[in-house]
Number of protein chains: 2
Amino acid sequence: MRIKELRDSKGWTQVECAEYLGFHPSYIARVELGGKNVTLATIDKIAAGFGISLEELFKGL
Amino acid sequence: MRIKELRDSKGWTQVECAEYLGFHPSYIARVELGGKNVTLATIDKIAAGFGISLEELFKGL
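Model, not experiment: these values are computed from the prediction. (Residues numbered from 1 in each chain as written. Chains lettered and ligands numbered in written order. Predicted model: local features only at pLDDT ≥ 70, side-chain atom pairs only at ≥ 80, totals over all residues. Heavy atoms only, no water.)

A. Here's a closer look at the pattern of salt bridges. All names here are of chain A. Enumeration according to the criterion identifies 10 salt bridges over all chains in this entry. Residue R2 pairs with E5 through a salt bridge whose shortest N-O separation is 2.5 Å. The exposure class assigned to R2 is buried, which follows from its relative accessible area of 15%. Here the salt bridges share partners, and the residues they tie into one network are K4, R7, D8 and E32. (Salt bridge = Lys/Arg side-chain N within 4 Å of Asp/Glu carboxyl O. Buried < 20%, exposed > 50% of the residue type's maximum accessible area, 1.4 Å probe, protein only.)

B. Examining the packing of aromatic side chains more closely. Under the defined criterion, the tally for this structure stands at seven aromatic pairs over all chains. Feature note: the residues W12(A), Y20(A) and F50(A) constitute an aromatic cluster, connected by ring pairs. Looking at K45(B), its charged tip hangs above the ring of F23(B), at a distance of 4.5 Å from the centre. (Phe/Tyr/Trp six-rings, centres within 6.5 Å; stacked < 30°, edge-to-face > 60°. Lys NZ or Arg CZ within 6 Å of the ring centre and 35° of its normal.)

C. Geometry of helix α1 (residues 3-10) of chain B. Residues and elements named next belong to chain B. Along α1, the residues classified as buried are I3, L6 and R7. Along the axis of α1, the buried residues cluster in a sector spanning 100 degrees; they form a single face. Elements that come into contact with the buried residues of α1 comprise α2 (14-21), α3 (27-32), α4 (40-50) and α5 (54-57). (Helix = DSSP H or I, 4+ residues; strand = E, 2+ residues; numbered from the N terminus. Arc of directions from axis to C-beta. Contact = heavy atoms within 4.5 Å.)

D. Local environment of the nonpolar core. By size, the foremost hydrophobic cluster in this structure holds 40 residues, and its most contacted members are I43(A), F50(A), L57(A), I43(B), F50(B) and L57(B). Once you skip the residues sitting within four places of it in the chain, I43(A) turns out to touch M1(A), V38(A), L54(A), L57(A), F58(A), L40(B) and I43(B). (Core = buried A, V, L, I, M, F, W, Y, C linked by side-chain atoms within 4.5 Å.)

E. Spotlight on the UniProt feature "domain: HTH cro/C1-type" (unreviewed entry) in chain A. The UniProt record annotates "domain: HTH cro/C1-type" (unreviewed entry) at residues 3-57 of chain A. When the span residues 3-57 of chain A is considered, its composition is 67% helix and 0% strand, and the gap between its end C-alpha atoms is 8 Å. (UniProt positions renumbered as here; feature names shortened; annotations may be inferred.)

Printed below as a string of C-alpha cells:
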C-alpha cells in the first residue's frame, strides 16, 4: 500500500496519520515497516481515512 | 476485490479457482460471499494467482 507516499503528501507524521485514521498511534509505523499483515477491513479503513479508492491505495502495486 | 469477475473471465468455478490459487476448495466461495476478512498476504497471493497487480485486483473499488 502507498501509505507513506499518501501520508507524506498530506504532511502527516506517522502518529498524526494513525490518529486521523482512527488507529493506535504506533500502528501506521508498524504497517509502513511491513510488520503488520493487515486485513481487508483495515485496508478499507485506511483508504476511507485518506478519502481515496482501494484502486488508488494500491496504484502501481 | 474483483475475484468473481476475474474468476468468471477465466471460466473457473469457485473450487477450481481455490485450487489454482492454492487455497482450500471452499475458501474462494467464502471470500466472494464476504465472509472472510482476508489479510494483505492473502490478497497478494490472490493477485499473483490471477497474474495481475494489486491495483488491477481493486480496479473500480
